[in-house]
Amino acid sequence: MTTFQAPKGTYDLIPPESATYLAVREAISAPLQRAGYGYIETPGFESVELFSRGVGESTDIVTKEMYTLTTKGGDELALRPEGTASVLRAALENNLHRVGNLPVKLWYSGSYYRYERPQAGRYRHFSQVGAEAIGAEDPALDAELIILAVDAYRSLGLRDFRLLLNSLGDKECRPVYRAALQDFLRGLELDEDTRARIEINPLRVLDDKREAVQKQLAGAPMMRDHLCEACKAYHEQVRDLLSAAGVAYEDDPKLVRGLDYYTRTTFEFVHDGLGSQSAVGGGGRYDGLSEMIGGPALPSVGWALGVDRTVLALKAEGVELELPSATQVFAVPLGEEARRALFGVVTELRRAGVATDFAYGGKGLKNAMKSANRSGARYALVAGERDLAEGVVQLKDLETGEQSPVALDRIVEELRAKAR
Ligand code: ATP
Ligand code: MG
C-alpha cells in the first residue's frame, strides 16, 4: 500500500501545537473586533483576473506564485494568494460601501496559497488574519490599523518585532518619482529580468534582496524626498498618532512591498528571531485598487498578518501562551456498572461547561490513570462497584495526589465550582 504525505511546502496543524495557532488567530482578531471590524469570509478561489488586475501583473504573486486552474466549465480560477482583492471584490459586489457608513471595516482569517520555494517560514499553504478599512482617507484610520496590529502582537507577549514605515506617495507625486527612479536605474549594471522590471514596476527594484543590487542602489532617489505636500502632511499625521499611542516605528525609505496597489502609508512588521523570512505581517493604503477592479473610487487601508510566522516568532522568543487545559476532568471507571454510571456523569459535566474526558477502550486502572495524567486534567474521577454501592465517586486531585469520596449527586456541582 502507498502511504501519503502532505504536499511539498505544506504541513499539518496537529494537537497540541494546533492550539497555539488557534490562540494566535484569536489574539490577532480580538483587537479588531473591539474596534468595529466585522467578520468576512470569501471563497478560497476567485477568477484569475481579479488577482492579475488587483494584485498587479508585474508582481511575483501574479507572475510566479499563483495556483491557477481551468474548471470543467472553462472558468479560469486561482486559489487565493492574498486577501485584499477578494475582500474588496466582495464589499463591492454586496454593496457594503453603499448601505453602510464609510469606512466599511472588515476582518478575515483563512488559508492562502502561493507556489513558492518552500523554506523555514515560507510555505505553499499558509494562514493569515487580515483587516481592511474601505472607503475613507483619514490618517487616523491608517494609525488605527497599525496600533491594532501592535496591540495584537503585544497581547501575545511578543517583544522583538519592529514596525517599518514608509509612504509611497499618491497619483500626484508617485509618477514624478517613478520617472526619476527609472532614470537612475537605467544607468546601473543589472540583469535582463531586473531591467525589464525597471520599465514595469521600478519601485520593486528597491526591494531586491541581492547584495550586488543593493550596493548599486546606494544613491537611488527616494520617495520620501519626492512626496507632495498633501502626502507629506498625511504621513506626518500618521506618525504623530502612532507616537501618541506609544507605538515605535522605523522609517524605511526603501520599503515598497510586493503588491502594486499600495499608495501613501506602507508598513511591515518584522521579527528579529526569524532569519530571512522575517516579515510577520504587512499592509498599507491602497487608494487606487477599487477602481482597478471596476469599482468607484474608495480609498482604503489594510493589513495581513501571517499566522504561521507569528507562531514561529513566539517560539523564537520562547513565549509559551497560557492556554486553558483542554481537559479539566478525566473519568476512570472500574468495571461495567461504573462505566455506565460515570459516562452519565461525564455527559452531565460537559453540559455544565466542565471540559471532561473519559477512559475509553476498557483500559485497566494503571493505563487509565496514565491517560488521565497525559490529558492535562487537574482532576480524575475514579469509581468502582464498591464506590457506586456507597453512592460515591473518588475525586482525585492529580496535582496534589489527594483523594476523597464525593456523593454522586453532588459531584457535578462540586466540580463545576472547582473548575471555575
Ligand atoms: P515575503 O516578503 O516574506 O514574501 P510578502 O510581502 O509576500 O512576504 P504579504 O503578501 O504582505 O507577504 O503577506 C503578509 C504576511 O503573510 C507576511 O508578512 C507573512 O507573515 C505571511 N506570508 C506571506 N507569504 C507567506 C508564505 N509563503 N508562507 C508563510 N507565510 C507567508
Ligand atoms: Mg512573498
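Throughout what follows, the structure given in this document is the object of discussion. (Residues numbered from 1 in each chain as written. Chains lettered and ligands numbered in written order. Predicted model: local features only at pLDDT ≥ 70, side-chain atom pairs only at ≥ 80, totals over all residues. Heavy atoms only, no water.)

1. A few points about the site of ligand 1
R114, E116, Y123, R257 and R309 are the nearest of the 14 residues found near ligand 1. Between Q128 and ligand 1, the recorded distance is 3.0 Å, taken from a side-chain N or O atom to an oxygen atom. In isolation ligand 1 exposes 580 Å². Once the protein is present, 89% of that is buried. Mapped onto the shell around ligand 1, the elements with two or more residues apiece are strand 6 (125-134), strand 10 (279-285) and strand 11 (300-306). With three residues, strand 10 is the largest single contributor of residues to the shell around ligand 1. (Near = heavy atom within 4 Å. Polar contact = N/O pair within 3.5 Å; in protein donor to acceptor, adjacent residues only side chain to side chain. Areas by Shrake-Rupley, 256 points an atom, 1.4 Å probe, with all protein chains shown as cover. Helix = DSSP H or I, 4+ residues; strand = E, 2+ residues; numbered from the N terminus.)

2. Quick notes on the side chain of T265
Within the secondary structure, T265 sits in strand 9 (residues 263-271). Judged by its relative accessible area of 0%, T265 is buried. Excluding anything up to four places from it in sequence, T265 contacts D142, I146, L165, N166, S167, Y234, V238, G284 and R285. (Buried < 20%, exposed > 50% of the residue type's maximum accessible area, 1.4 Å probe, protein only. Contact = heavy atoms within 4.5 Å.)

3. What to know about the pairing of strand 14 (residues 379-383)
Within a regular beta strand, the side chains point alternately toward one face of the sheet and then the other, so they alternate between its two faces. With five of five residues buried, strand 14 lies mostly within the body of the structure. Taking every second residue as pointing to the same face, both faces of strand 14 are buried, with Y379, L381 and A383 on one and A380 and V382 on the other. Here strand 12 (residues 329-333) pairs with strand 14 via five bridges, running parallel. Counted as the bridge partner of A331 is L381 from strand 14. Relative to strand 15 (residues 392-397), strand 14 runs antiparallel, the two being bridged by four bridges. When the sheet's bridge partners are listed, L381 is paired in strand 15 with L395. (Pairing = 2+ DSSP bridges.)

4. Comments concerning the packing of helix 7 (residues 174-186) against helix 8 (residues 192-200)
Where helix 7 meets helix 8, the closest approach of the two axes is 9 Å, and the angle between their N-to-C directions is 160°. By the angle class used here, helix 7 and helix 8 are roughly antiparallel. Classified by chirality, the crossing of helix 8 by helix 7 is left-handed. Mapping the contact onto sequence places R178, Q182, L185 and R186 in helix 7 and R195, I198, E199 and I200 in helix 8. Partitioning the contact of helix 7 with helix 8 into residue classes produces three nonpolar, one polar and four charged. (Axes fitted to C-alpha atoms, helices over the stretch in contact; angles between N-to-C directions. Parallel < 35°, antiparallel > 145°, perpendicular 65-115°, else oblique. Left-handed = near helix turned anticlockwise from the far one by under 90°. Nonpolar A, V, L, I, M, F, W, Y, C, P; charged D, E, K, R; others polar.)

5. As for the sheet that holds strand 12
Strand order in the open sheet formed by five strands is 13-12-14-15-16, and the pairing between neighbours is mixed. Looking at the sheet topology across the chains shown, the edges are occupied by strand 13 (356-358) and strand 16 (403-407). Taking each pair of neighbouring strands and ignoring which way they run, the sheet shows an average axis angle of 30°. The pairing of strand 15 with strand 16 spans five bridges and is classified as antiparallel. Bridge pairing links Q394 to P405 in strand 16. Where helix 15 (residues 365-374) meets the sheet, it contacts strand 12, strand 14 and strand 15, and its direction lies at approximately 175° from that of strand 12.

6. Notes on the sheet that holds strand 9
Sheet architecture is open: eight strands sit in the order 1-5-6-11-10-9-7-8, paired in mixed fashion. Each end of this open sheet is capped by a strand with a single partner; those strands are strand 1 (38-39) and strand 8 (250-251). As judged from the seven bridges shared by strand 6 and strand 11, these two strands associate in the antiparallel manner. Its bridge partner being in strand 11, I134 is matched across the sheet by S300.

7. Observations concerning the environment of H125
On the secondary structure map, H125 appears in strand 6. A relative accessible area of 27% means that H125 is categorised as partly exposed. Linking H125 and D170, residues 45 residues apart in sequence, is a C-alpha distance of 33 Å. If we ignore the near neighbours within four places in the chain, the residues touching H125 are G9, T10, S111, Y112 and Y113. For H125, the side chain forms a polar contact with the side chain of S111, separated by 2.9 Å.

8. Points about the packing of aromatic side chains
Considering all chains together, one arrives at 11 aromatic pairs under this definition. Here Y112 and F126 contribute two aromatic rings whose centre-to-centre distance is 6.5 Å and whose plane-to-plane angle is 40°, an arrangement assigned as tilted. On the criterion of sequence distance, the pair formed by Y112 in strand 5 (residues 104-113) and F126 in strand 6 is long-range, its members being 14 residues apart. A single burial state applies to Y112 and to F126, both of which are buried. Aromatic rings pair up to connect Y153, F161, F267 and F269 into one cluster. Its guanidinium or amino end placed over the ring of Y112, R80 lies 4.5 Å from that ring's centre, counting from NZ or CZ. Its end group placed over the ring of Y115, R124 keeps NZ or CZ at 4.1 Å from the ring centre. (Phe/Tyr/Trp six-rings, centres within 6.5 Å; stacked < 30°, edge-to-face > 60°. Lys NZ or Arg CZ within 6 Å of the ring centre and 35° of its normal.)

9. Brief notes about the packing of helix 1 (residues 17-33) against helix 6 (residues 139-156)
Between helix 1 and helix 6, whose axes approach to 8 Å, the crossing angle comes to 140°. Here helix 1 is positioned oblique relative to helix 6, judged by the angle of their axes. In this structure, helix 1 crosses over helix 6, and the sense of that crossing is right-handed. Taken together, the residues of helix 6 that come into contact with helix 1 (itself represented by A23, V24, A27, I28, P31 and L32) are L145, L148, A152, S155 and L156. Considered class by class, the residues forming the contact of helix 1 with helix 6 number 10 nonpolar, one polar and no charged.

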